[in-house]
Amino acid sequence: MDWKTVKKIDAHVHLLPAETLEWIDGVWKQADPTVYLELMKKYHVEKALLVPINEGQPTIGTAAGQISGLAVW
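Residues numbered from 1 in each chain as written. Predicted model: local features only at pLDDT ≥ 70, side-chain atom pairs only at ≥ 80, totals over all residues. Heavy atoms only, no water.

**Some remarks on the layout of surface pockets**
- Quantified by volume, the largest pocket comes out at close to 200 Å³.
- Forming the walls of the largest pocket are 14 residues, and the residues nearest its centre are Val13, His14, Gln30, Ala31 and Tyr36.
- Contributions of two or more residues to the lining of the largest pocket are made by strand E1 (8-13) and helix H2 (33-42).
- Of the residues contributing to the lining of the largest pocket, the split by class is 10 nonpolar, three polar and one charged. (1 Å grid on protein atoms, 1.4 Å probe; cavity = no way out; pocket = protein on both sides within 12 Å on 5 of 7 lines; lining within 4 Å. Points joined across faces, edges and corners; volume = space filled by probe spheres on them. Helix = DSSP H or I, 4+ residues; strand = E, 2+ residues; numbered from the N terminus. Nonpolar A, V, L, I, M, F, W, Y, C, P; charged D, E, K, R; others polar.)

**Focus on the nonpolar core**
- Val13, Leu15, Tyr36, Met40, Val45, Ala48 and Leu50 form the largest nonpolar core, which has seven residues in total.
- Where this core is concerned, the elements lending two or more residues are H2 and strand E2 (45-50).
- With three residues, the top contributor of residues to this core is E2.
- If you look at the next biggest cluster of nonpolar residues, it comprises five residues, including Leu21, Ile24, Ala31 and Ile53. (Core = buried A, V, L, I, M, F, W, Y, C linked by side-chain atoms within 4.5 Å. Buried < 20%, exposed > 50% of the residue type's maximum accessible area, 1.4 Å probe, protein only.)

**Focus on unusual backbone geometry**
- Positive phi values are uncommon outside glycine, yet histidine 44 reaches one of about 60 degrees.
- Looking at the element boundaries, histidine 44 is found in the loop between H2 and E2.
- Given the relative accessible area of 35%, histidine 44 is considered partly exposed.

**Some details on the environment of aspartate 32**
- Residue position: aspartate 32 is located in the loop between helix H1 (18-21) and H2.
- Aspartate 32 sits 12 residues away from threonine 20 along the chain, and the two C-alpha atoms are 9.5 Å apart.
- Setting aside chain neighbours within four positions, we find aspartate 32 in contact with Leu15 and Leu21. (Contact = heavy atoms within 4.5 Å.)

**Topic: the environment of leucine 50**
- When you line up the elements, leucine 50 lands in strand E2.
- Taking the C-alpha atoms as reference points, leucine 50 and histidine 14, separated by 36 residues in sequence, lie 5.8 Å from one another.

Given below as structure tokens:
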């Protein structure tokens, strides 16, 4: 079985607002919703649990402020 073709659920995803993506580098660039949707298609991820980046403690400042709450795509 090829794991890349098996349908999946991503149980932990952080997405960042455009204001943050303008100045951040590295793997966090994948936190762009458009980029992540392409990754979901590529790896057959059907659903994703979105989690806040602050998780109680601010770890990345954003122009829009803190991100909180959970959502399922």
